[in-house]
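For reference, the chains in residue letters:
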Amino acid sequence: RALGLSGFSFLVYDHILTFDEEVKFVWQAPWTVTKVTFLANRYGNLIAQGSVHVIEAIHHSSTEQLCRRFNTFVSIHMLLGSESIHILVLLRAWAIWGCERRMAIRLISAYVVYLLILLGMT
């Protein structure tokens, strides 16, 4: 629990340190898919991880139903967090290669193959 809380503390600290730059470079930029994905990842993780720590602190002896809901919440949070990061990296790679349609098709195809392999492993 302490290790998770220390990681969360670093996340909050990072938000505090970079907030002025975020306002300057992100909030003032036009709304795009990349901006929405970035903000959803940044604040979604902050809210979800904060919620996890609050739930863990409050519920020491939980019912089975609460544990199942908690595990579902954590699993969804982890999936959305990791996939939003993958999407941001794909968008950045696409931008580096000049936003060419062919490259978008290749990147999306590789991502779909990656997801299918993951699904096949479960």
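That block above? That's the structure.
Keep in mind that what you see is a predicted model, and the values were worked out from it rather than measured.

> Help me understand the environment of glycine 4, please; the structure alone is not making it clear to me.
Of note, glycine 4 is situated in helix α1 (residues 2–27). Spatially, the C-alpha atom of glycine 4 lies 9.0 Å from that of glutamine 49, the residues being 45 residues apart in sequence.

> How do you make sense of the pattern of salt bridges when you look at a structure like this?
Two side chains with opposite charge may pair up if their charged atoms get near one another. A complete count under the given rule lists four salt bridges for this structure. Between aspartate 14 and arginine 42 there is a salt bridge whose closest N-O contact spans 3.6 Å. You can see aspartate 14 sitting in helix α1 and its partner arginine 42 sitting in helix α2 (residues 33–58), a full 28 residues away along the chain. Residue class for aspartate 14 comes out partly exposed when judged on its relative accessible area of 33%. Taking the relative accessible area as the measure of exposure, arginine 42 reaches 11% and is therefore buried.

Rules used throughout
- Residues numbered from 1 in each chain as written.
- Predicted model: local features only at pLDDT ≥ 70, side-chain atom pairs only at ≥ 80, totals over all residues.
- Heavy atoms only, no water.
- Helix = DSSP H or I, 4+ residues; strand = E, 2+ residues; numbered from the N terminus.
- Salt bridge = Lys/Arg side-chain N within 4 Å of Asp/Glu carboxyl O.
- Buried < 20%, exposed > 50% of the residue type's maximum accessible area, 1.4 Å probe, protein only.

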